[in-house]
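What follows is each chain in one-letter form.
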Amino acid sequence: SVEPTLGQDFLVQALVAGGVGLLLVLIYMLVIYRLPGALAALALIFYTLVVYAIFRTIHVTLTLAGVAAFILSIGMAVDANILIFERMKEEIRAGKTLGPAIEAGFNRAWSSILDSNVSSILVAAWLYWVGTTIVRGFALVLIIGVLVSMFSAITMTRTLLRYVVRTDWGRRLELYHVER
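Parameters at a glance
Residues numbered from 1 in each chain as written. Predicted model: local features only at pLDDT ≥ 70, side-chain atom pairs only at ≥ 80, totals over all residues. Heavy atoms only, no water. Core = buried A, V, L, I, M, F, W, Y, C linked by side-chain atoms within 4.5 Å. Buried < 20%, exposed > 50% of the residue type's maximum accessible area, 1.4 Å probe, protein only. Helix = DSSP H or I, 4+ residues; strand = E, 2+ residues; numbered from the N terminus. Patch = residues over 30% accessible without salt bridge, like charges linked within 9 Å, V, L, I, M, F, W, Y side chains within 5 Å. Areas by Shrake-Rupley, 256 points an atom, 1.4 Å probe, with all protein chains shown as cover. Salt bridge = Lys/Arg side-chain N within 4 Å of Asp/Glu carboxyl O. Contact = heavy atoms within 4.5 Å. Phe/Tyr/Trp six-rings, centres within 6.5 Å; stacked < 30°, edge-to-face > 60°.

A. A look at the nonpolar core. In this structure, L44, F85, L161 and Y176 are the most contacted members of the largest nonpolar core, which totals 46 residues. At the level of elements, α1 (4-57), α2 (64-93), α3 (98-130) and α4 (133-165) are the ones that each hand at least two residues to this core.

Rendered as structure tokens:
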């Protein structure tokens, strides 16, 4: 027999693992991308708070499958930022100044980000439509996470980068980890 406390223990372990995973991702972004990584970390913290608020508002019950979907959507949010930052670095290496390189990085990464997120949402919608209760929970959390991650990766990170580039200290190339 399986006691209800066993499920609670696994859920707590999954949440701790998700928190540790989020922390490791934040450290990775800081080390590899420096200033843009720090801004992406802020956007990721915003993302986590918004998703948590949505879960509280619509009364999402987090199961192990839901925690897995949430962790997967964190990965997708980080992936979007990595695509943007790598395109941005390519533009800087090609000789563009920081402002235009940032805009070009977002514009060049947008189609890849949109394609991957739309396909994830379509698959999650299909899972929600045909799935059982546990699969539906996974799909719902994944849809919410992907939608919020698109907003945080595109809107939040872009806004923060635009703001920082207007400052004197924000225009120092060594803060962007670009090797010429």
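This is not the end of the story, as more comes after the structure.
B. Highlighting a nonpolar patch on the surface. A grouping of V12, V16, V20, L23, L24, I27, L30 and V31 is seen on the molecular surface, where their side chains present a nonpolar patch of about 700 Å² in accessible area. Summarising the element assignment, V12 is placed in helix α1. In this structure V12 comes out as partly exposed when scored by relative accessible area, which is 41%.

C. The environment of A77, seen in detail. Inspection of the secondary structure assignment puts A77 in helix α2. What makes A77 buried here is its relative accessible area of 1%. Counting along the chain gives 63 residues from A77 to L140, while the straight-line C-alpha distance between them is 17 Å. Aside from chain neighbours lying at most four places away, what touches A77 is L44, S149 and A153.

D. Expanded view of the packing of aromatic side chains. In the structure shown here, the tally under the stated rule is five aromatic pairs. A ring pair is formed by Y33 and F85, whose centres lie 5.4 Å apart and whose planes are at 50°; its orientation type is tilted. In this pair, Y33 is assigned in helix α1 and F85 in helix α2, connecting sequence segments 52 residues apart. Taking relative accessible area as the criterion, Y33 reaches 3% and is therefore assigned buried.

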